[in-house]
Amino acid sequence: MKNLVLIGFRGTGKSTLSQELSQRLKRKRISTDEVAAERAGMSISDFVSQHGWAEFRRIEAECIADLRGSENLILDSGGGVVENPENMSLLGEHGIIIWVHASLEDVLKRLMGTVHDAQRPLLSQGDFRTDITENYIRRVSMYKRYTAFTVNTSTHTIEECCAAIEKIL
Ligand code: S3P
């Protein structure tokens, strides 16, 4: 069966949803962040501060390329995979792309407590709120471009989102 590929901005609930789906559907869950951090040998934050975003994106793309031919997975993808069209064509080859969306207000609220999360360094210079707001707005059109189905964790519970995704299957 095709992979279920969750894309979406940081803090929208991809990881929580992917864990719930993995249990309910009895499918293996893979987080591209976890794979990338393992390959980097350190947290994403440490890697980015030492080597920069471009190098992280290269590692992220390698991890996605290594998934070619996989099936039946629940893929929890990093929020920036949409920055590279090659990632999306690979993920779309054997995957149903699902956009896990949430309002900017909710994303900010959910992330405020985790701004120094080791996996989520600032994407650009400046203050946290500006960084999140500018990148969120910039990326909405990217997520829309690649998405077959959308679930919204601002208006629906994780349970409701899971049920909607199960209906897709
Ligand atoms: C990123 C989101 C993070 C992680 C890295 C880059 C982004 O993943 O891949 O910090 O570019 O938005 P999550 O979306 O799981 O937080």
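Shown above is the structure to which this text applies.
Residues numbered from 1 in each chain as written. Predicted model: local features only at pLDDT ≥ 70, side-chain atom pairs only at ≥ 80, totals over all residues. Heavy atoms only, no water.

Time to look at the packing of aromatic side chains. For any pair of aromatic rings, the description rests on two quantities: the centre-to-centre distance and the angle between the ring planes. The tally for this structure, following the rule as stated, stands at three aromatic pairs. Ring centres of W53 and F56 lie 5.6 Å apart, and the angle between their planes is 80°; this geometry places the pair in the edge-to-face category. One end of the pair is W53 and the other is F56, both in helix α4 (residues 53–65) and three residues apart, which spans about a single turn. Overall, the relative accessible area of 5% leaves F56 in the buried class. Arranged with centres 5.9 Å apart and planes meeting at 25°, the rings of W99 and Y143 form a pair that is stacked. Placement of the pair is W99 in strand β4 (residues 95–101) and Y143 in helix α7 (residues 128–146), with a sequence separation of 44 residues. This pair shows no difference in class: W99 is buried, exactly as Y143 is. (Phe/Tyr/Trp six-rings, centres within 6.5 Å; stacked < 30°, edge-to-face > 60°. Helix = DSSP H or I, 4+ residues; strand = E, 2+ residues; numbered from the N terminus. Buried < 20%, exposed > 50% of the residue type's maximum accessible area, 1.4 Å probe, protein only.)

As a further point, take the pattern of salt bridges. Scanning the model with the defined rule gives 14 salt bridges in all. Between R24 and E20 there is a salt bridge whose closest N-O contact spans 3.9 Å. One end of the pair, R24, and the other, E20, are both in helix α1 (residues 14–25), four residues apart, so they sit about a helical turn from each other. The partner of D66 in a salt bridge is R39, with the nearest N and O atoms 2.4 Å apart. In this pair, D66 is assigned in the loop between α4 and β3 (74–76) and R39 in helix α2 (residues 32–40), connecting sequence segments 27 residues apart. Looking at D66, the relative accessible area reads 52%, which means it is exposed. (Salt bridge = Lys/Arg side-chain N within 4 Å of Asp/Glu carboxyl O.)

It is worth spelling out the nonpolar core at this point. Counting 26 residues, the largest nonpolar core has I7, F9, L75, M88, L91, V107 and I132 as its most contacted members. For this core, the elements supplying multiple residues, two or more each, are β1 (3–7), α5 (85–93), β4, α6 (104–112) and α7. For this core, the leading source of residues is α7, giving six residues. If we skip the residues at most four places from it in the chain, M88 touches I7, V81, V82, I97 and Y146. L4, L6, C161 and I165 belong to the second largest nonpolar core, which has twelve residues in total. (Core = buried A, V, L, I, M, F, W, Y, C linked by side-chain atoms within 4.5 Å. Contact = heavy atoms within 4.5 Å.)

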